[in-house]
There are 2 protein chains.
Amino acid sequence: MKLLEDKIMAEGLALSDSVLKVDSFINHQVDPVLMQEIGRDFAEHFKDAGITKVLTIESSGIAPAVSAAFFLGVPMIILKKQTSKILNENFIQTNITSFTKGTSYELTLSANYVGKGDTVLIIDDFLANGEAAMGAIRLATKAGAKIAGVGILIEKSFQKGRQRILDAGYDVYSQARVAKLGEGLIEFVREDD
Amino acid sequence: MKLLEDKIMAEGLALSDSVLKVDSFINHQVDPVLMQEIGRDFAEHFKDAGITKVLTIESSGIAPAVSAAFFLGVPMIILKKQTSKILNENFIQTNITSFTKGTSYELTLSANYVGKGDTVLIIDDFLANGEAAMGAIRLATKAGAKIAGVGILIEKSFQKGRQRILDAGYDVYSQARVAKLGEGLIEFVREDD
């Protein structure tokens, strides 16, 4: 998605060979016009997938996910990061460990909102090793839903997340695919790669 | 705002004299069409306030806040809940203690995104005792910004938050004002009260 790649080139901060900060338009300050276009682009890409719910993980995925849900004409669900297990049959949980951040949490979904008969699109801001996305897939699958695919704003294509999701049999659509990062260096995967 | 009051009457769950669950359209599942109308309503209400940034606290405020920011034509900022103090002069923090939830966190803002010359609208989903809203006001004030007001989706008018914010000299606009809650009972503040 050219609009997002242009924004990353203009405002993204490559701090090392693995860290890309996009705090000025996605993660801390949020550009609402960009979010609208991002949502429109996801909706266009997945328009024939029969999606009934858009799922995202709090909190940076919420702004793009609510826009995608708006254009798809379906509800959005915020998967919560709980610090502890909930002993209630109405909640479904799965443990996520982020190696990059050194954190662990229980990704949580109420069975009231996703179930058999649902086809879900999972949206997240970043795809690196795929821990969060694979967790969201596990959770939605536990709930009985079909997975239409995973929509990502920024994919670190040099990490294993994309391949893990593809290997598990799911579609991944990333709006910006970063091939290489370095201090002050950002390179995208070219279309013909 | 009639649309929100109608939705609360149709889907809100009053569990006690203080707990109102709106998990089916605001806090867990999110209705994107309602979020758009909520944002449009905030933008209309604050259109002459000279707002340059919309601030919200992660994560239930993000969906309505990004919509308000879109209609106001300004960026949105997500105030982060950090568990610890950040020792970096570029970050501004203030401690928030939620008595209802029994939690405490450092509300965090990067000085890169809000400063002198900014006039901010603070948006949050619920207003109860006003701890979060007053914290967001402190944070934006520390950053040098002017406060245009506080925009709330659901105000528990029987708690002290609204009066605290008014007493501190700030405007509060709540789209739905709940006068009374009980098991299965929801009453709104009438316009002529």
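Residues numbered from 1 in each chain as written. Chains lettered and ligands numbered in written order. Predicted model: local features only at pLDDT ≥ 70, side-chain atom pairs only at ≥ 80, totals over all residues. Heavy atoms only, no water.

Caption draft 1: Examining the nonpolar core more closely. Counting 73 residues, the largest nonpolar core has Leu4 of chain A together with Leu4, Val54 and Ile154 of chain B as its most contacted members. Sorting elements by how many residues they give to this core places helix 4 (residues 62-72) of chain B first, with seven residues. Here leucine 4 of chain B is in contact with Phe25, Ile26, Leu34, Ile38, Leu153, Ile154, Gln175 and Ala176 of chain B, once residues within four sequence places are set aside. (Core = buried A, V, L, I, M, F, W, Y, C linked by side-chain atoms within 4.5 Å. Buried < 20%, exposed > 50% of the residue type's maximum accessible area, 1.4 Å probe, protein only. Helix = DSSP H or I, 4+ residues; strand = E, 2+ residues; numbered from the N terminus. Contact = heavy atoms within 4.5 Å.)

Caption draft 2: View of the relation of the copies chain B and chain A. The transformation that overlays chain B on chain A combines an axial shift of 0.0 Å with a rotation of 180°, and the residual RMSD is 0.0 Å. In the structure described here, the two chain copies are related by an operation that fits a two-fold rotation axis. Interface overlap between copies: 100% of the residues of chain B at the interface are likewise at the interface in chain A, consistent with a symmetric, same-surface contact. (Least-squares fit on C-alpha atoms with pLDDT ≥ 70 in both.)

Caption draft 3: Seen up close, the interface of chain B and chain A. Taken together, the contacts link 30 residues of chain B with 30 residues of chain A. Where chain B packs against chain A, one counts zero salt bridges. Remark: the boundary between chain B and chain A carries 12 residue pairs in polar contact (both at pLDDT 80 or more). Of the residues assigned to the side of chain B that touches chain A, the class counts are 17 nonpolar, nine polar and four charged. Examined bridge by bridge, strand 5 (residues 76-82) of chain A and strand 3 (residues 29-30) of chain B share two bridges and lie antiparallel to one another. Among the inter-strand pairings, methionine 76 of chain A is bridged to a residue of strand 3 of chain B, identified as valine 30 of chain B. (Salt bridge = Lys/Arg side-chain N within 4 Å of Asp/Glu carboxyl O. Polar contact = N/O pair within 3.5 Å; in protein donor to acceptor, adjacent residues only side chain to side chain. Nonpolar A, V, L, I, M, F, W, Y, C, P; charged D, E, K, R; others polar. Pairing = 2+ DSSP bridges.)

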